[in-house]
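Coordinate inspection notes
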Amino acid sequence: MNTVARLILDKQYVLAQVDPRIYGSFLEHMGRAIYGGIYESQHETADESGFRRDVLSLVQELNVPIIRYPGGNFVSGYNWEDGVGPVEQRKSRLDLAWRSTEINEIGTNEFARWAKLAGSEVMMTVNLGTRGIDAARNLVEYCNHPSGSYWSDLRIEHGVHDPHGFKVWCLGNEMDGPWQIGHKTAAEYGRLAVETAKAMKWVDPDIQLVAAGSSNSSMPTFADWEATVLDHTYEHVDFISLHSYYGNRDGDTANYLAQSLDMDGFINSVIATCDYVKAKKRSKKTMYLSFDEWNVWFHSNEADKKVAPWMVAPPLLEDVYTFEDALVVGTLLITLLRHADRVKIAALAQLVNVIAPIMTVTGGASWRQTIFYPFAHASLYGRGVVLNTPVISPKYDTNQFTDVPYLESVSVWNEAEGELTIFAVNRHLSDALTLECDLGNFDDYQFTEHIVLQHDDLKSFNTVEKPDTVTPSNGGGGNQDGRSLTIQLQPATWNVIRLRK
Ligand code: AHR
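Remember, predicted model here, so these are calculated numbers, not experimental data. (Residues numbered from 1 in each chain as written. Predicted model: local features only at pLDDT ≥ 70, side-chain atom pairs only at ≥ 80, totals over all residues. Heavy atoms only, no water.)

So, on to the site of the ligand. The full set close to the ligand counts 13 residues, and Glu-28, Asn-73, Glu-174, Tyr-245 and Glu-293 are the nearest of them. In this structure, Asn-73 approaches the ligand through a main-chain N or O atom, which is 2.9 Å from an oxygen atom. Glu-293 places a side-chain nitrogen or oxygen 2.6 Å from an oxygen atom of the ligand. Here the ligand, which alone exposes 280 Å², has 96% of that area covered by the protein. In terms of residue class, the shell around the ligand is built from six nonpolar, four polar and three charged. (Near = heavy atom within 4 Å. Polar contact = N/O pair within 3.5 Å; in protein donor to acceptor, adjacent residues only side chain to side chain. Areas by Shrake-Rupley, 256 points an atom, 1.4 Å probe, with all protein chains shown as cover. Nonpolar A, V, L, I, M, F, W, Y, C, P; charged D, E, K, R; others polar.)

So, on to the environment of Lys-281. Its place among the elements puts Lys-281 in the loop between helix H8 (260-280) and strand S11 (288-296). In this structure Lys-281 comes out as partly exposed when scored by relative accessible area, which is 33%. For the pair Lys-281 and Asp-231, spaced 50 residues apart in sequence, the C-alpha to C-alpha distance is 8.2 Å. For Lys-281, the residues in contact, after removing those within four places along its chain, are Leu-230, Asp-231 and Tyr-234. (Helix = DSSP H or I, 4+ residues; strand = E, 2+ residues; numbered from the N terminus. Buried < 20%, exposed > 50% of the residue type's maximum accessible area, 1.4 Å probe, protein only. Contact = heavy atoms within 4.5 Å.)

Attention now goes to the side chain of Ser-393. Summarising the element assignment, Ser-393 is placed in the loop between strand S17 (391-392) and strand S18 (395-396). By relative accessible area, Ser-393 is classed as buried at 13%. At a separation of 3.2 Å, a polar atom in the side chain of Ser-393 contacts the main-chain amide nitrogen of Tyr-406. A polar contact of 3.1 Å, which involves the side chain of Ser-393, links it to the backbone nitrogen of Leu-407. If sequence neighbours within four positions are ignored, Ser-393 has contacts with Ala-5, Pro-405, Tyr-406 and Leu-407.

The next point concerns the sheet that holds strand S16 (residues 385-387). Strand pairing within a sheet occurs via backbone hydrogen bonds; the two strands may be parallel or antiparallel. Read across the sheet, seven strands follow the order S2-S16-S20-S21-S27-S23-S24 without closing on themselves; strand pairing throughout is antiparallel. Strand pairing shows two members of the sheet lacking a second neighbour, strand S2 (14-17) and strand S24 (473-474), which therefore form its edges. Strand direction decides the pairing type here: strand S20 (residues 407-414) and strand S21 (residues 419-426), joined by eight bridges, are antiparallel. Directly across from Glu-408, in S21, lies its bridge partner Val-425. In the packing of helix H10 (residues 323-338) onto the sheet, the strands contacted are S2, S16, S20, S21, strand S23 (446-453) and strand S27 (493-500), and the crossing angle to S20 comes to about 55 degrees. The sheet strands contacting helix H11 (residues 372-381) are S21, S23 and S27, and the helix crosses S27 at an angle near 20 degrees. (Pairing = 2+ DSSP bridges. Axes fitted to C-alpha atoms, helices over the stretch in contact; angles between N-to-C directions.)

Let us now look at the pairing of strand S22 (residues 433-438). Of all six residues in S22, five are buried, a share of seventy percent or more. Note: S22 against strand S26 (residues 484-489), six bridges, orientation antiparallel. Pairing of Leu-435 across the sheet is with Ile-487, part of S26.

Domain boundaries in the protein chain define domain 1 (2-11 + 387-500) and domain 2 (19-381). Placing a centre on the C-alpha atoms of domain 1 and another on those of domain 2 gives a separation of 30 Å. Facing 41 residues of domain 1, the contacting portion of domain 2 comprises 35 residues. When domain 1 packs against domain 2, the two sides together hide about 3,200 Å² of surface, and 69% of this comes from carbon and sulfur. When residues of domain 1 are sorted by the area they lose upon contact with domain 2, Phe-401, Leu-458 and Trp-494 head the list and together hold 18% of the total. Inspection of the domain 1/domain 2 interface yields one salt bridge. The partner of Lys-459 in a salt bridge is Glu-324, and the shortest N-O contact between them spans 2.7 Å. Taken together, domain 1 and domain 2 are joined by 14 residue pairs in polar contact (both at pLDDT 80 or more). Elements supplying a minimum of two residues to the side of domain 1 that touches domain 2: S20, S21, S23 and S27. (Domains from an automatic or database assignment. Buried area = accessible area lost by both parts, 1.4 Å probe. Salt bridge = Lys/Arg side-chain N within 4 Å of Asp/Glu carboxyl O.)

A separate point is the sheet that holds strand S6 (residues 100-102). Spatial ordering of the open sheet is given by S5-S6-S12, a layout of three strands whose pairing is mixed. The open sheet is flanked by strand S5 (93-95) and strand S12 (311-312), the only strands paired with a single partner. Strand direction decides the pairing type here: S6 and S12, joined by two bridges, are parallel. Bridging across to S12, Thr-101 finds its partner in Val-312.

Structure, rendered in structure tokens:
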């Protein structure tokens with residue numbers, strides 16, 4: 001059966017400018033993300049600082065504007081002072097979050113150096129689990145104050161003359177979760193977060209702060225948590241965070257491909273809560289959303305239970321992503337873009353080895369997982385403004401959702417570059433969709449390319465031996481006649497349809 005879906009585009013209907021930081025990612029001191037991931041001093045590709053050049057070049061391909069660091073759960077037990085100063089004097093510490101040993105060879109200054117090579121800003125997270133105002137304000141002073149104070153002069157003594165100028169800072173991580181070191185109630189966290197925020201901004205008024213929202217929308221305290229935390233912090237922070245991970249746990253692919261509807265509902269609920277607090281406070285300020293942990297995470301759950309404690313860089317959360325996971329990641333990216341008016345920062349969690357688009361063998365090669373591709377395409381072509389595009393699509397129901405559109409789509413217009421890109425996932429598992437686009441006043445744009453990610457086997461994946469099992473290909477022709485463009489979207493595919501002026 002062939003089904004028809006329609007898109008109607010118009011230059012006047014702009015939803016919002018895409019904040020490039022929506023294509024952020026995350027590197028935590030855990031598993032093989034740092035050690036054996038971005039850093040491996042004995043690796044044949046290592047540069048003079050021990051960073052793997054092969055990994056760096058894959059990160060650069062993804063064009064990631066901002067990277068959250070150093071956690072995650074790790075940060076709630078981290079003393080940042082352990083990671084600065086002469087490396088040979090640094091001590092190993094137990095990381096209680098992941099029951100691993102942290103060797104502290106990489107710390108703030110090394111990571112900042114690597115991020116610069118990657119072309120990324122650093123989004124720092126401060127420890128509000130075991131620590132608080134003092135450690136946080138000292139860290140801002142160490143990183144961002146030019147000189148002439150104890151902590152800024154210590155940075156200079158450590159060989160970093162110019163301040164890092166980190167702009168975005170997270171006030172702790174998932175403080176609502178009982179698994180978090182220093183877990184707090186919303187009121188306890190809200191009070192600590194606001195006082196920490198004030199002190200941090202007194203050190204550097206130019207920073208932007210992210211208050212920790214719920215760990216996910218299934219937490220029993222969601223959305224009371226957001227309401228209470230924002231009640232305390234509203235005028236002192238710039239973002240509230242959202243985290244969410246998805247998985248095909250019961251083998252129901254049609255339902256799995258619909259998980260972006262959950263993300264959509266989560267975002268809408270957080271926006272509603274932010275706006276409730278705004279109304280209550282008669283505030284003029286709009287709170288923005290930082291979706292700073294999102295991805296698929298479930299493949300490695302059982303393997304992780306068998307990992308021995310207190311290892312250095314253990315193989316944790318090493319999900320091997322299938323083709324269907326890439327489709328889900330595509331729908332999640334589209335969902336984030338469709339909320340570009342409120343979601344200004346997002347982070348694909350994570351970047352290397354740990355639930356990541358990039359995998360490595362320690363001492364060996366690196367490769368792109370299936371999810372690498374939709375992220376790379378969105379990051380590369382999804383810059384400009386998001387159009388408010390009506391999507392008309394046939395729908396289906398699953399156990400969890402009703403009215404799931406077979407077509408998930410968003411259009412991004414980069415006027416400066418003369419580019420219009422339509423991202424589209426066909427969720428139908430057996431039928432092609434005929435996509436009819438009414439280009440409206442984009443009739444001065446010409447179809448140039450249709451990139452498609454497809455595979456007959458939804459469970460196919462890439463490995464170090466077979467890194468190209470799932471890779472993008474040319475989707476064939478689009479049929480354009482003036483303002484009307486027709487394209488076939490094969491069943492279960494990620495599609496990037498590019499037009500140029
Ligand atoms: O990204 C892995 C973990 O997931 C992070 O450390 C934590 O914040 C979340 O629960």
